[in-house]
Amino acid sequence: QIGNLFTFINSIDIFVSLFTQSIEKYGKHIINDFLQQKQKNKEHIITLINTIANLLITINTFITKFTSSYPNKNVFESNNQLYNAISSFINVTTVNNKSILAIHLAQYIHICFKDKMQISFDNINHIFKYIRDKDVFEYSYRKYFGMRLLNGLALINESTELELLKEFKKQC
């Protein structure tokens, strides 16, 4: 049992620290790669959102498996290191202090509706819960929703859109 090993050598705090540092470094690397692209077309945005969401799902899976084998406590919940590490790259801002992922998550949803793509509520929710600038997201979401209304695309997936809005409301 991995949990017993960490208890025996009394190194869980070191492990948590190194784990969270690597998560933060990898997340920032993903964001920086995206920012260095001169043109950000819809494929780049879809890839960015899916990559970040998959990273968060992998982290959650790892934590669930790790904590199930670690006796006595959930070390990831008892300190905010992991949450802070994830928040640090999810909330990277542009030069005008707007959250990059808040803007691009709204754009991702717009692309999915516009192109009639399958929307992954899990992917969107995994990212949305870490976004601090929910007002920036809301502004961008409204802008893209208005564009869909003007182009007659908003009512194609009305039930899906309503379901998505209910999910956002739960997290606010």
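Up top is the structure.
Residues numbered from 1 in each chain as written. Predicted model: local features only at pLDDT ≥ 70, side-chain atom pairs only at ≥ 80, totals over all residues. Heavy atoms only, no water.

Caption draft 1: Seen up close, the packing of aromatic side chains. For the structure on display, the rule yields seven aromatic pairs. Seen in terms of ring centroids, Tyr-141 and Phe-168 are 6.1 Å apart; in terms of plane orientation they differ by 85 degrees. Their pairing is edge-to-face. Pair noted here: Tyr-141 is in helix α8 (residues 134-150) and Phe-168 is in helix α9 (residues 158-171), with a separation of 27 residues, a long-range link. For the pair Tyr-141 and Phe-168, a shared accessibility class is recorded, and that class is buried. Members of the aromatic cluster, each reached through a chain of ring pairs, are Phe-128, Phe-137, Tyr-141 and Phe-168. Of note, Lys-134 hangs over the ring of Phe-128, and the distance from its end group to the ring centre comes to 4.7 Å. (Phe/Tyr/Trp six-rings, centres within 6.5 Å; stacked < 30°, edge-to-face > 60°. Helix = DSSP H or I, 4+ residues; strand = E, 2+ residues; numbered from the N terminus. Buried < 20%, exposed > 50% of the residue type's maximum accessible area, 1.4 Å probe, protein only. Lys NZ or Arg CZ within 6 Å of the ring centre and 35° of its normal.)

Caption draft 2: Main features of the environment of Tyr-141. Since its relative accessible area comes to 7%, Tyr-141 is described here as buried. Setting aside residues up to four positions removed in sequence, Tyr-141 forms contacts with Ala-106, Ile-109, Arg-148, Glu-161, Leu-164, Leu-165 and Phe-168. (Contact = heavy atoms within 4.5 Å.)

Caption draft 3: Geometry of the pattern of salt bridges. One pass over the full model with this rule turns up four salt bridges. For Lys-28, the salt bridge identified is with Glu-24, shortest N-O distance 3.1 Å. In this pair, Lys-28 and Glu-24 both sit in helix α2 (residues 12-36), four residues apart, roughly one turn of the helix. Lys-28 sits in the partly exposed class, given a relative accessible area of 33%. In this structure, Glu-138 and Arg-142 form a salt bridge, with 2.5 Å as the shortest nitrogen-oxygen distance. One end of the pair, Glu-138, and the other, Arg-142, are both in helix α8, four residues apart, so they sit about a helical turn from each other. Take Arg-142: its relative accessible area is 57%, and that puts it in the exposed class. (Salt bridge = Lys/Arg side-chain N within 4 Å of Asp/Glu carboxyl O.)

Caption draft 4: Region of interest: the environment of Val-136. Counting through the fold element by element, Val-136 comes out in helix α8. Taking relative accessible area as the criterion, Val-136 reaches 14% and is therefore assigned buried. Along the primary structure Val-136 and Ala-102 are separated by 34 residues, whereas in three dimensions their C-alpha atoms are 6.2 Å apart. In this structure, Val-136 is in contact with Lys-98, Ser-99, Ala-102 and Ile-103, ignoring residues within four places of it in sequence.

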